[in-house]
Amino acid sequence: MTPAVIQLAAEAAERRSAEVTDWGPRIAWVIGLVVFIAFVYWLMRQGWKWRGALQDDLPELPAAPGGLPAHRLALTGRYHGSTTAGQWLDRIVAHGLGVRSRVEMTLTDAGLDVVRPGATDFFVPVAQLRGARLDKGIAGKVLTEGGLLVVTWAHGDKLIDSGFRSDRAAEHAAWVEAINSMNHSHTTEGAER
């Protein structure tokens, strides 16, 4: 090798950067990030609990009575949550109404039976049903126009919108028609008395 090549090799070796071996700051950053994520999760959980405490005035959810009449309609799908009627972002979390889950719904002449595996089941008597509509969203879930079945019902002194999505979205229109006709016939019967 010539002296020029040796000199170029020595200069190249000097220009090479040192390897990064300073693990202390890296570990500190990782620990800081994990602590920050845990803190944000804790804040979200406290917010959920706080919202539930604010909604403590909501009565317990009614259970389905024994011996329900034959069903008019049945649906399997997803329960996406409940909100204050007309306020699609005001989620209700009391009594498990804020928990998303699978759902098996049955509409009978007695009312709407909502069975949620892994969450609290509830029953809406026909006198409490206020109507149904197709919508595009409810707190935490937005779909295409008409992709969500929203049932409005009274519970205590509060009107509640509950959002459902069937495994077969074509069923939604039949549910809207059936619930609205039940609501209309029930209010007509009440007016005649």
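What counts and how
Residues numbered from 1 in each chain as written. Predicted model: local features only at pLDDT ≥ 70, side-chain atom pairs only at ≥ 80, totals over all residues. Heavy atoms only, no water. Helix = DSSP H or I, 4+ residues; strand = E, 2+ residues; numbered from the N terminus. Buried < 20%, exposed > 50% of the residue type's maximum accessible area, 1.4 Å probe, protein only. Contact = heavy atoms within 4.5 Å. Areas by Shrake-Rupley, 256 points an atom, 1.4 Å probe, with all protein chains shown as cover. Salt bridge = Lys/Arg side-chain N within 4 Å of Asp/Glu carboxyl O. Pairing = 2+ DSSP bridges. Polar contact = N/O pair within 3.5 Å; in protein donor to acceptor, adjacent residues only side chain to side chain. 1 Å grid on protein atoms, 1.4 Å probe; cavity = no way out; pocket = protein on both sides within 12 Å on 5 of 7 lines; lining within 4 Å. Points joined across faces, edges and corners; volume = space filled by probe spheres on them. Nonpolar A, V, L, I, M, F, W, Y, C, P; charged D, E, K, R; others polar. Lys, Arg positive; Asp, Glu negative; His and termini not counted.

(A) Representation of the overall build of the chain in the model. Counting its regular elements, the chain contains three helices and 10 strands. Along the chain, helices and strands appear, N-terminal first, in the series α-α-β-β-β-β-β-β-β-β-β-β-α. Relative to its full complement of 193 residues, the chain shows a buried share of 32%. Long-range contacts, defined here as pairs at least 24 residues apart, represent 61% of the contacts in the chain between residues at least 6 apart. Accessible area for the chain stands at about 11,900 Å²; split by element, carbon and sulfur atoms hold 60% of it.

(B) Here's a closer look at the pattern of salt bridges. Overall, the coordinates contain five salt bridges when judged by the stated rule. Across the pair Asp167 and Arg102 runs a salt bridge, and its minimum N-O distance is 3.0 Å. Here the residue Asp167 occupies a position in the loop between strand E10 (158-166) and helix H3 (172-192), and Arg102 occupies one in strand E3 (residues 101-108), the gap between them amounting to 65 residues. Here Arg168 and Glu171 are joined by a salt bridge, their closest N and O atoms 3.1 Å apart. Exposure remark for Arg168: the relative accessible area of 46% places this residue in the partly exposed category.

(C) Molecular detail of the pairing of strand E4 (residues 111-115). Of all five residues in E4, four are buried, a share of seventy percent or more. The pairing of E3 with E4 spans four bridges and is classified as antiparallel. If you follow Thr106 over to E4, its bridge partner there is Asp113. Bridge count for E4 against strand E5 (residues 122-125) is four bridges, and the pairing is antiparallel.

(D) Just the side chain of Ser82, in detail. Tracing the backbone shows Ser82 in strand E1 (residues 71-84). Overall, the relative accessible area of 1% leaves Ser82 in the buried class. Within polar-contact distance, the side chain of Ser82 engages the side chain of Tyr79 at 2.6 Å. Apart from the residues lying within four places of it in its own chain, the contact partners of Ser82 are Asp90, Arg91, Ile92, Leu97, Ile138, Ile160, Asp161 and Ser162.

(E) Up close: empty space enclosed by the protein. By the definition in use, this model includes one cavity of 30 Å³ or more. Considered as a void within the structure, the largest cavity measures approximately 30 Å³ in volume. Looking at the largest cavity, the residues that line it are Asp57, Leu58, Pro59, His155, Gly156, Asp157 and Lys158. Partitioning the lining of the largest cavity into residue classes produces two nonpolar, two polar and three charged.

(F) Layout of the side chain of Arg116. Mapped onto the elements, Arg116 comes out in the loop between E4 and E5. Despite its burial, Arg116 pairs with no opposite charge; the closest candidate is Asp121, at 5.5 Å N-O. A polar atom in the side chain of Arg116 sits 2.9 Å from the backbone oxygen of Gly96. Setting aside its immediate chain neighbours within four residues, Arg116 contacts Tyr79, Gly96, Leu97, Val99, Ser101, Arg102, Val103, Asp121 and Phe122.

(G) Quick peek at the environment of Val115. The residue Val115 is located in strand E4 in this model. According to the relative accessible area criterion, Val115 is partly exposed, its value standing at 27%. Beyond its immediate stretch of four places on either side in the chain, Val115 contacts Arg102, Val103, Glu104 and Asp121.

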